[in-house]
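In case you want the letters, here they are:
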Amino acid sequence: MAEAIANRGVRVVMIVVTFHGLRSIFSRRKTKWAKSELITLEEVRIYNFFPSFFRLKQLQRRLALWQMNHKLNSLTTKFGKSIFFQFHYILHASCWLFQDFLVKNNIPYTLFEHSPGSAFKGGVEKDYGGFRNFEDLKLFVRKASLRLARIKKYELKLTELYGTKFYSLPSFISRKYHGLADHLAEKSSTFNDEVFTYVSVGSLIDRKGHDLLINAFSEAFKKEQNIRLIIVGDGPKKKSLENQIQGLSLQFNVILTGEVTKNEVFRIIYDADVMVVASAWETFGNTVIEGMF
């Protein structure tokens, strides 16, 4: 979506907000974010210097708000005033931090809820996504210029919950990939045609279920030599998955490709025989429609 907007000549700055406690303040480890030639990515690191057992929550909030406003002001100086903001997860703990800046600068914003169950009643009642109460959260939602959900079911649920209209906009594939299938058909397969290949695409995180998939693959095909599982993606579970693969002696049957380009994703899917989605949950997974495509 961001690339589609960028292709229209609009500068897109993607802001990723991360929170850091005392333990990580002195850590030099940096997060690797997906890169795009069309999008500028800026990370906003919110530091919490006060241990929670001191019960200095009000001071924590003021400090976090100051850090956010300082960073957004510096981004305005760097890129100019924003036309609008778009939020992809209403209950993300950072949403409330943007509110003060948006109001002061009279900047409109849209909401595109990507989360499934946690965005609904149970999730809202749990922590209000950082807002002080449900009324503050509801006001933030209602003041949005446009409110979107991934599928019709979530559109109806969110409309009922917040008492204001949501619309649904499913995932889509960029037009630039529409001719890719024909192009791939003209090229020879990268993998051996005699090997039956399963492929799974997604970040290496818990909810994607790659560990369960590897165990299932081992149970079903541990004695087969001509069946392969290719897992495309990167993430914090990479090392544990590598250890799991080695422990099951599947080094020659299960391949972790790491992060690859979108063209590579389509090529690997095209060369495979079966695509597997092992996620615990998805809203409208892009990999599903990429596999269908």
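Read on for an overview of the structure.

### Concerning the packing of aromatic side chains
Scanning the model with the defined rule gives 15 aromatic pairs in all. Here phenylalanine 85 and phenylalanine 101 contribute two aromatic rings whose centre-to-centre distance is 6.3 Å and whose plane-to-plane angle is 65°, an arrangement assigned as edge-to-face. Remark: phenylalanine 101 occurs in helix 4 (residues 95-105) and phenylalanine 85 occurs in strand 3 (residues 85-87); sequence separation between them is 16 residues. Classification of phenylalanine 85 by relative accessible area gives buried; the value is 11%. Judged by its relative accessible area of 3%, phenylalanine 101 is buried.

### Re the sheet that holds strand 5 (residues 146-149)
On the basis of which strands lie adjacent, the open sheet formed by four strands has the order 3-4-5-6 and parallel pairing. Two strands bound the open sheet, and with one partner strand each, they are strand 3 and strand 6 (167-168). Across two bridges, the pairing between strand 5 and strand 6 is parallel. Along strand 6, the bridge assignment pairs leucine 148 with tyrosine 167.

### Notes on helix 6 (residues 134-142)
Within helix 6 the residues assigned to the buried category are Leu137, Lys138, Phe140 and Val141. On an axial view of helix 6, the arc spanned by its buried residues comes to 160°, and they lie on one face. Structurally, the start of helix 6 carries an N-cap: the backbone nitrogen of glutamate 135 is 3.1 Å from a side-chain oxygen of asparagine 133.

### Details of the nonpolar core
Of all hydrophobic cores here, the largest spans 31 residues; its most connected members are Phe85, Phe87 and Tyr162. Elements represented by at least two residues in this core include exactly strand 2 (39-47), helix 3 (57-79), strand 3, helix 4, strand 4 (109-113), helix 6 and helix 7 (152-162). Contact partners of phenylalanine 87, with chain neighbours within four places excluded, come to Cys95, Phe98, Leu102, Tyr109, Thr110, Leu111, Phe112 and Phe140. In this structure, Leu204, Ile214, Phe217 and Ile245 belong to the second largest nonpolar core, which totals 13 residues.

### Let's talk about the pattern of salt bridges
Evaluated as defined, the whole model comprises twelve salt bridges. Taking the shortest distance from any N to any O, the salt bridge between glutamate 42 and lysine 71 comes out at 3.7 Å. A residue pair is termed long-range when its members are at least 10 positions apart, and glutamate 42 in strand 2 and lysine 71 in helix 3 qualify at 29 residues. The buried category is assigned to glutamate 42, whose relative accessible area is 12%. With a relative accessible area of 24%, lysine 71 lands in the partly exposed category. Each of Glu42, Lys71 and Lys78 takes part in a single network of salt bridges with overlapping partners.

Rules of the game
- Residues numbered from 1 in each chain as written.
- Predicted model: local features only at pLDDT ≥ 70, side-chain atom pairs only at ≥ 80, totals over all residues.
- Heavy atoms only, no water.
- Phe/Tyr/Trp six-rings, centres within 6.5 Å; stacked < 30°, edge-to-face > 60°.
- Helix = DSSP H or I, 4+ residues; strand = E, 2+ residues; numbered from the N terminus.
- Buried < 20%, exposed > 50% of the residue type's maximum accessible area, 1.4 Å probe, protein only.
- Pairing = 2+ DSSP bridges.
- Arc of directions from axis to C-beta.
- Polar contact = N/O pair within 3.5 Å; in protein donor to acceptor, adjacent residues only side chain to side chain.
- Core = buried A, V, L, I, M, F, W, Y, C linked by side-chain atoms within 4.5 Å.
- Contact = heavy atoms within 4.5 Å.
- Salt bridge = Lys/Arg side-chain N within 4 Å of Asp/Glu carboxyl O.

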